[in-house]
Amino acid sequence: MTVNMTKGQAISLQKNDGGSLTSVRMGLGWQAAPRRGLFGSRTREVDLDASAVLFADKQPVDVVFFRHLVSDDGSVRHTGDNLVGGVGQGGDDEAILVDLQRVPVHIDQIVFTVNSFTGQTFQEVQNAFCRLVDETNGQELARYTLAGGGAYTAQIMAKVHRAGQGWAMTAIGSPANGRTFQDLMPAILPVL
């Protein structure tokens with residue numbers, strides 16, 4: 001059963017049978033919004049990029065994004081860059097896989113971001129979402145929909161963080177500006 005998350009909501013990543021999730025996928029999907037012009041509606045391609053920043057005690061120690069597809073320890077993997085979105089027609093256009101059992105113990109948070117590499121704002125994007133999927137069985141666990149567009153070029157989407165013996169996910173949904181994850185660091189730090 002999918003939980004439709006709201007900004008700031010946290011969910012546990014414990015399975016219903018009491019076990020812990022071992023592998024999750026953070027999927028990102030989007031489409032370019034049609035723009036009205038002199039000769040009708042048209043769309044302009046939008047290149048959104050998903051990134052995962054790994055933190056240890058509020059310090060960034062690694063990142064996974066389109067130019068560094070696998071974390072140094074191998075526990076987090078990006079499936080590849082999608083330059084236009086909408087390919088999956090509601091499915092994931094980019095995905096980041098996290099093997100929770102392999103994440104080193106010093107990593108306590110993984111923050112997922114999305115940014116417009118080409119600099120378009122979210123006013124030019126529609127049907128944007130991030131979702132968390134149990135990678136072992138394909139079950140969607142949580143979905144966070146990016147509603148309302150906005151005059152910003154990035155979003156701090158969500159974070160997966162240690163909670164006791166397991167992990168939890170928090171939907172952040174904080175708008176920001178920047179073309180890369182490096183540009184977003186000042187906006188990420190307050191949500192850790």
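Quick note: structure is the one above.
Residues numbered from 1 in each chain as written. Predicted model: local features only at pLDDT ≥ 70, side-chain atom pairs only at ≥ 80, totals over all residues. Heavy atoms only, no water.

## Quick look at the nonpolar core
Looking at soluble globular proteins, one finds that nonpolar side chains tend to be buried together. Our working rule: Take the buried Ala, Val, Leu, Ile, Met, Phe, Trp, Tyr and Cys residues and link them wherever side-chain atoms come within 4.5 Å; each set so joined is a nonpolar core. Think of it in three bands: with a 1.4 Å probe and only protein chains considered, a residue is buried below 20% of the maximum accessible area for its type, exposed above 50%, and partly exposed in between. The secondary structure listing takes helices from DSSP runs of H or I that are at least 4 residues long and strands from runs of E that are at least 2 residues long, numbered from the N terminus. Should any heavy atoms of two residues lie within 4.5 Å, those residues are counted as being in contact.
Residues Val76, Val98, Ile110 and Phe112 are the most contacted members of the largest nonpolar core, which totals 34 residues. Secondary-structure elements contributing two or more residues to this core are β3 (23–32), β6 (48–56), β9 (94–99), β10 (109–116), β11 (125–134), β12 (139–146), β13 (154–163) and β14 (166–176). Setting aside anything within four residues of it in sequence, one finds isoleucine 110 in contact with Ala52, Val53, Leu54, Val76, Val98, Val103, Ala158, Lys159 and Val160. Grouped together as the second largest cluster of nonpolar side chains are 14 residues, Val53, Val63, Ala176 and Ile188 included.

## Points about the pairing of β14
The side chains of a regular strand alternate between the sheet's two faces. Heads up, the condition is: Strand pairing is defined by DSSP finding a minimum of two bridges between the two strands.
Most of β14 is tucked away, with ten of its eleven residues classed as buried. Inspection of the sheet shows β13 paired to β14 by nine bridges, in the antiparallel sense. By the bridge assignment for β14, alanine 163 is matched with glycine 166. Here β13 folds back onto β14 in antiparallel fashion, the turn holding two residues, of which glycine 164 has a positive phi close to 65 degrees.

## Digging into the environment of glutamine 139
Along the chain, the position of glutamine 139 falls in strand β12. Sequence-wise, glutamine 139 and valine 24 are 115 residues apart; in three dimensions their C-alpha atoms are separated by 9.7 Å.

## Some remarks on the pattern of salt bridges
For the record, the criterion: One side-chain nitrogen of Lys or Arg within 4 Å of one carboxyl oxygen of Asp or Glu is enough to make a salt bridge.
Applying the stated criterion to the full structure yields two salt bridges. Note that arginine 25 is salt-bridged to glutamate 135, the shortest N-O span being 2.8 Å. Of this pair, arginine 25 sits in strand β3 while glutamate 135 sits in the loop between β11 and β12; the two residues are 110 residues apart in sequence, bridging distant segments of the chain. The exposure class assigned to arginine 25 is buried, which follows from its relative accessible area of 17%. Where glutamate 140 meets arginine 131, a salt bridge forms, and the shortest distance between an N and an O atom there is 2.8 Å. Here glutamate 140 and arginine 131 have matching classes, each one buried.

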